[in-house]
Amino acid sequence: MKKFIYAISAAAMLLSSCSALDLGPIDQYGINNYWNTEAQCERFMIGLHYRLRTRMETIMIMGELRGGTLSTSSITSSGEGASNIAAVSNNLSVANPCLTNWGNFYMDIYQINHAIDKIENACGFLDEATRKTYLGQLYGLRAFYYFHLLRTWGGVPLCDKPDVLITDDLQVLDKPRATEQATWEFVCKSVEKSCEYYQDLGFDNFKGMNCYWNKAASLCLKADVYLWGAKVKPIGGSAVLAPDPEKYLTDAKTALEEVEPNYRYNADFIDAFSVKNKDSNHETILAARYMLGESKNYFVNFTYNPAIFTKFFDENGKNIGNYLNIESGYQRYEYSQEFYNSFAAGDKRRDASLYQYYQKDNDSRLEPAGRFLCKFIGDEDNGRIQFTNDVPIYRYMDVALMLAEINNELGISGEVTKWIGVVRSRAFDTPQTFTYTDKDAAEEAILAERKAEFVAESKVWYDVRRMLGGKYALELVGGNELKLLWPIDSGVLSKDDKVKQNEGYL
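Quick caveat, the model's predicted, so the values are computed rather than measured. (Residues numbered from 1 in each chain as written. Predicted model: local features only at pLDDT ≥ 70, side-chain atom pairs only at ≥ 80, totals over all residues. Heavy atoms only, no water.)

(A) Representation of the environment of Arg55. Following the sequence through the fold, Arg55 ends up in the loop between helix H2 (38–54) and helix H3 (56–64). According to the relative accessible area criterion, Arg55 is buried, its value standing at 10%. Between the C-alpha atom of Arg55 and that of Gln337, which follows or precedes it by 282 residues, the distance is 29 Å. (Helix = DSSP H or I, 4+ residues; strand = E, 2+ residues; numbered from the N terminus. Buried < 20%, exposed > 50% of the residue type's maximum accessible area, 1.4 Å probe, protein only.)

(B) Structural context of the pairing of strand E1 (residues 284–288). Within E1, five of the five residues are buried, which leaves it mostly tucked inside the rest of the structure. Inspection of the sheet shows E1 paired to strand E6 (residues 391–395) by four bridges, in the antiparallel sense. Its bridge partner being in E6, Ala288 is matched across the sheet by Val391. (Pairing = 2+ DSSP bridges.)

(C) Looking closely at helix H5 (residues 105–121). Taking 1.5 Å of rise per residue, 17 residues should cover 24 Å, and H5 covers 24 Å from first to last C-alpha, within 8% of that figure. Cys123, located one to two residues past H5, shows a positive phi value of around 55 degrees. (Expected span 1.5 Å × (residues − 1).)

(D) Structural view of the layout of surface pockets. In this structure, the largest pocket occupies an estimated 390 Å³ of space. Forming the walls of the largest pocket are 25 residues, and the residues nearest its centre are Phe339, Ser342, Leu447, Ala448 and Lys451. Looking at the lining of the largest pocket, the elements with two or more residues in it are helix H12 (337–342), helix H16 (439–453) and helix H18 (471–476). A per-class count over the lining of the largest pocket returns eleven nonpolar, six polar and eight charged. (1 Å grid on protein atoms, 1.4 Å probe; cavity = no way out; pocket = protein on both sides within 12 Å on 5 of 7 lines; lining within 4 Å. Points joined across faces, edges and corners; volume = space filled by probe spheres on them. Nonpolar A, V, L, I, M, F, W, Y, C, P; charged D, E, K, R; others polar.)

Quick look at the structure:
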């Protein structure tokens, strides 16, 4: 692992990158001059969340691209080249892995480990509530990163100490991959530790902002991790990861039931993603923060280039031009016609998420041409839209649909009906009741709701891997279970001889 361990001052690395979060300057960044004041600790924690924002596009690649909702064409409908088509088409290889160096997550994990070491063992000037808040955030963030690593590559090297700041011995720093089972257990321990630190604290957000890791986020992550363990087998395994699936499902349900009363959904679906009054959005549990004049998100790559997007029409035959009024854009990713057509009739989430446009054939008849993402429309600046929506990590509908899925596993059909009903009550003007018949049919319904609800929210690949025994994920990889994991890039393999390639890519 020596290629992605950076023997530098953690404080300097973080603080030099978080000036855009309205922080004041600090004179001394050296590691020996750090961790001496409350302000220094707070700056470090803010810097970690800045770095979380920089990882969100990687998280999108991990969780969104392989799930079967995007077009696999290498050229999008507006004539632009598609990005990461090897992932979208589930044709990954060592030569084209789409993600390298473990997504660069270990850079952040080592910073987190460093902060845990300092705040647990030093920093006696912090009051107890602040210390517990920071440690709840740190263990939560570490579990969050490792959970993505687990679901992407399976077993990965496990690090729970700031080794790079303790030793330069490569025999210590280089680590082999743990098993998938051990990695899941490591994630469980980290998120459980986070929840322990938060146990006596309320649901108030750090600095009053939902872009910082918080108690509800840790409880949602705990439920997410437990649900994965109760339903998913390690590659080649015969039993799920959780030793007692029913207990883990029950504990996951308890965690979500603690969160649920503290949040609620917006009356209108699109308001969940509003750029206005972000911290008072009662649906948002945790989101990566983007701000006008500070940082824009990556959804510009799901739109179009206004300069060449001139030949398309709406359903009434009117030329749409620059429909979104964006300053610039690219159609690097495009949702498929099949996915667009999969929305139930009357589902308002379809047109709030995707805009269908048309072209004219030789007889001037309209026919579907393509779709761009219209779910995340940001701030207007100088007369043009800038992509400044926060990117959700957890929101109220995650709680509702996880509760539906967990109760389905536990055989509590009335709760399944209740929570599907909560989600559908907003999605449709005309009530769409759900009638429980059996477990598999209910899981199909929950998966359909998740696909409609969480478009572009980096969840669909994980959903199809976890749900219905992973049958849809297996279809996407041609039935080869080994291809459910991603390949490890040749750069890591050539420099870290303790790391072995996933079997599907040998």
